[in-house]
Amino acid sequence: TIENKSLEKKTPGKIVFDKEIHNFGTLKDGDIITWSFVFQNVGGSPFTIVKAEKSCGCIDIRYTLNSIMPGEKSAIELIFDTTGEWGNLIKDVTIETSDGEQKELHIGAFIENKQFNNLLNIQK
């Protein structure tokens, strides 16, 4: 009915990710790798991504500035530069939509760093 259609338009956009964590496994210091977190707008109104905050300077974030229409899919790409990193790491990115919804995305990895390993071996 017409009433239902006008109600549908008023439901806010809703961001839903296929998954919110990705483990890269073992990487070497200096590797630069990317991962795309795919999401869909499952709400009834368009939204935009208004903020993407990262937990460290080792991450770059790419995403569309365009409105994501109801039913539309898009992705947030994280570029992770492991230079100078070592050991087990979890890095976070917080995404905020124009409807005020917030989601946290996490990437994890174990970084092999020869320089750091050499320092540990010297100290033994």
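Everything numeric here is computed off the predicted structure, so don't read it as measured data. (Residues numbered from 1 in each chain as written. Predicted model: local features only at pLDDT ≥ 70, side-chain atom pairs only at ≥ 80, totals over all residues. Heavy atoms only, no water.)

**Concerning the side chain of Lys91**
Formally: Strands here mean DSSP runs of E at least two residues long; helices mean DSSP runs of H or I at least four residues long; both are numbered from the N terminus. Working rule for contacts: check all heavy atoms of both residues, and any pair within 4.5 Å makes them a contact.
In this fold, Lys91 is placed in strand E7 (residues 87–97). Beyond its immediate stretch of four places on either side in the chain, Lys91 contacts Ser55, Cys56, Cys58, Ile59, Phe80, Glu85, Leu105, His106 and Ile107.

**A word on the sheet that holds strand E1 (residues 15–17)**
Defined as follows: For two strands to pair, DSSP has to find at least two bridges joining them. Every axis corresponds to a line fitted to the C-alpha atoms, with the helix fit spanning only the stretch in contact, and the corresponding angles, defined between N-to-C directions, vary from 0 to 180 degrees.
Taken together, the four strands give an open sheet; going across it, the order is E1-E3-E6-E5, and neighbouring strands pair in antiparallel fashion. Either end of the sheet is taken by a strand with one partner, and the two such strands are E1 and strand E5 (59–62). Direction aside, neighbouring strands of the sheet carry axes that sit 30° apart on average. Bridge analysis of E5 against strand E6 (residues 73–81) gives four bridges, and the strand direction is antiparallel. From the neighbouring strand, Ile61 faces E6, where its bridge partner is Leu78.

**Considering the environment of Asn118**
Note the following rule: Burial classes: relative accessible area under 20% of the type maximum marks a residue as buried, over 50% as exposed, and values in between as partly exposed (1.4 Å probe, protein chains only).
Inspection of the secondary structure assignment puts Asn118 in helix H2 (residues 114–123). Under the relative-accessibility criterion, Asn118 is labelled partly exposed at 45%. For Asn118 and Asp60, which are 58 residues apart along the polypeptide, the C-alpha to C-alpha distance reads 29 Å.

**Examining the nonpolar core**
This is how it is decided: Residue types Ala, Val, Leu, Ile, Met, Phe, Trp, Tyr and Cys, when buried and joined through side-chain atoms within 4.5 Å, form a set referred to as a nonpolar core.
With 23 residues, the main nonpolar core has Phe39, Ile59, Ile76 and Phe80 as its most contacted residues. For this core, the elements supplying multiple residues, two or more each, are E1, strand E2 (21–28), strand E3 (32–41), E6, E7 and strand E8 (102–112). In terms of residue count, the dominant contributor to this core is E8 (four residues). In this structure Phe80 touches Phe24, Leu27, Asp31, Ile32, Ile33, Cys58, Ile59, Leu89, Lys91, Ile107, Ala109 and Ile111, once residues within four positions along its chain are discounted.

**Points about the pattern of salt bridges**
Heads up, the rule is: Criterion for a salt bridge: a side-chain nitrogen of Lys or Arg within 4 Å of a carboxyl oxygen of Asp or Glu.
Inspection of the entire model under this criterion finds eight salt bridges. The salt bridge involving Glu101 is made with Lys14; its shortest N-O contact spans 3.5 Å. Residue Glu101 is located in the loop between E7 and E8, and its partner Lys14 is located in the loop between helix H1 (2–10) and E1; the two are separated by 87 residues in the primary sequence. You can call Glu101 buried: its relative accessible area is 17%. For Glu20, the salt bridge is made with Lys103, and the minimal N-O distance between the two is 3.7 Å. Within this pair, whereas Glu20 is found in the loop between E1 and E2, its partner Lys103 is found in strand E8, the two being separated by 83 residues in sequence.

**Remarks on the side chain of Asn41**
Applied cut-off: In the analysis that follows, any N or O atom pair within 3.5 Å is treated as a polar contact, provided that within protein one partner can donate a hydrogen and the other can accept it, and provided that, for residues neighboring in sequence, both atoms belong to side chains.
Looking at the secondary structure, you find Asn41 in strand E3. What makes Asn41 buried here is its relative accessible area of 1%. From its side chain, Asn41 meets the backbone oxygen of Ser45 in a polar contact 2.8 Å long. Beyond its immediate chain neighbours, meaning those up to four positions away, Asn41 contacts Gly13, Lys14, Pro46, Phe47, Ile68, Met69, Pro70, Gly71 and Glu72.

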